Amino acid sequence: MHDLGAPVAGPGATAASGRPIAPERRRSRLARWFDSWMRSLGMALVLFLLIKTFFFEAFQIASGSMTGTLLTGDFLFVNKALYGAQIPGTGARMPGFRQPRHGDVIVFAFPRDPSQDYVKRVIGTPGDIVAMRHGQVEVNGRRQAEPYVQRIDSLHDVSSADFAWQRPFLTTSSDEDRRRYRPTRDTWGPLVVPAGKYFVLGDNRDDSSDSRYWGFVDASAVKGRTLLVYFSYDRETHDALPWLTDIRWSRLGSLIH
């Protein structure tokens, strides 16, 4: 039986001219290939880190506070360049295209634990007066149309000691009014949003830990605006591989509004 193609070079292999190929020459070719491969890998890694740091980053939704817009098990791409990405190790930011606006769905470092990332919708921007009356959001005295909001327990309005932070930001100048202020989940305010701060709410309005409970989001904590869902699976199932067998195909590639 005849072998097809050129013979494999071995320890005693010779070049076409009949002269032996030096082991150093063979090692040199391998070293050049390895060096080229490592340079390509290094460039790809640097490019990945630049994109992740300054342009786009992936996040996963782990709670149902934005149900109606985002689902538990959604994987998102977040646009960090829009507002200006933070330069690592500094408090400085790259120039952005604009500031967060009403209705933007943003990712930010949780004020009470910056190691956690939260995602909510911007309701109030610096200088706005925000309030809620029986579940209806008002911004600067105008009721807001919120087709994205989901209500699952609208009849069970509750008060909480967590709302006490709101008193210093009430529009009233009366100390008596502040002492008598008794906000609830669905009725609170009006509050003035300070400079450099944002007021955010979850779209799953009856089951969301948001600005009503823990206060404003500092502009420096904002990481970016959500862009699209690149992967999604149902985390509530108990299959061995839900990320593979329970993919929400209809959500893949969907833009976030």
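Before reading further, recall that the structure is shown in the block above.
Residues numbered from 1 in each chain as written. Predicted model: local features only at pLDDT ≥ 70, side-chain atom pairs only at ≥ 80, totals over all residues. Heavy atoms only, no water.

Asker: Help me understand the pattern of salt bridges, please; the structure alone is not making it clear to me.
Answerer: It is possible for side chains of opposite charge to pair when their charged atoms get near one another. Scanning the model with the defined rule gives 16 salt bridges in all. Of the charged contacts, one joins aspartate 117 and lysine 223 as a salt bridge, the two residues approaching to 2.6 Å between their closest N and O atoms. Note that aspartate 117 is positioned in strand S4 (residues 113-124) and lysine 223 in strand S11 (residues 222-232), a separation of 106 residues in sequence. In this structure aspartate 117 comes out as partly exposed when scored by relative accessible area, which is 35%. Residue aspartate 203 pairs with arginine 121 through a salt bridge whose shortest N-O separation is 2.8 Å. Placement of the pair is aspartate 203 in the loop between strand S9 (197-201) and helix H3 (211-214) and arginine 121 in strand S4, with a sequence separation of 82 residues. Across the pair, exposure class does not vary: aspartate 203 and arginine 121 are buried alike. Via salt bridges that share partners, Asp74, Asp234, Arg248 and Arg251 belong to a single interconnected network. (Salt bridge = Lys/Arg side-chain N within 4 Å of Asp/Glu carboxyl O. Helix = DSSP H or I, 4+ residues; strand = E, 2+ residues; numbered from the N terminus. Buried < 20%, exposed > 50% of the residue type's maximum accessible area, 1.4 Å probe, protein only.)

Asker: Can you walk me through the sheet that holds strand S8 (residues 188-192) in this structure?
Answerer: Strand pairing in a sheet is mediated by backbone hydrogen bonds. Such pairs are either parallel or antiparallel. Read from one edge of the open sheet, four strands run S7-S6-S5-S8, paired in antiparallel fashion. Two strands lie at the open edges of the sheet, namely strand S7 (142-143) and S8, each paired on one side alone. In this sheet, strand S6 (residues 136-139) lies alongside strand S5 (residues 129-133) in antiparallel orientation, the contact comprising four bridges. Each residue of the ladder has a partner; that of valine 130, found in S6, is valine 139. (Pairing = 2+ DSSP bridges.)

Asker: How do you make sense of the nonpolar core when you look at a structure like this?
Answerer: One broad trend across soluble globular proteins is that nonpolar side chains are buried collectively. Ranked by size, the top nonpolar core spans 16 residues in total, and within it Ile106, Phe108, Val200, Trp214, Val217 and Val222 carry the most contacts. Of all elements in the fold, only strand S3 (105-110), S4, S9 and H3 reach the threshold of two or more residues within this core. Ranked by residues supplied to this core, first place goes to S3 with four residues. Setting aside residues no more than four positions away along its own chain, isoleucine 106 makes contact with Tyr83, Tyr118, Val119, Lys120, Val122, Val200, Val222, Gly224 and Arg225. The next biggest cluster of nonpolar side chains, apart from the first, holds 14 residues, and it includes Val130, Met132, Val139 and Phe199. (Core = buried A, V, L, I, M, F, W, Y, C linked by side-chain atoms within 4.5 Å. Contact = heavy atoms within 4.5 Å.)

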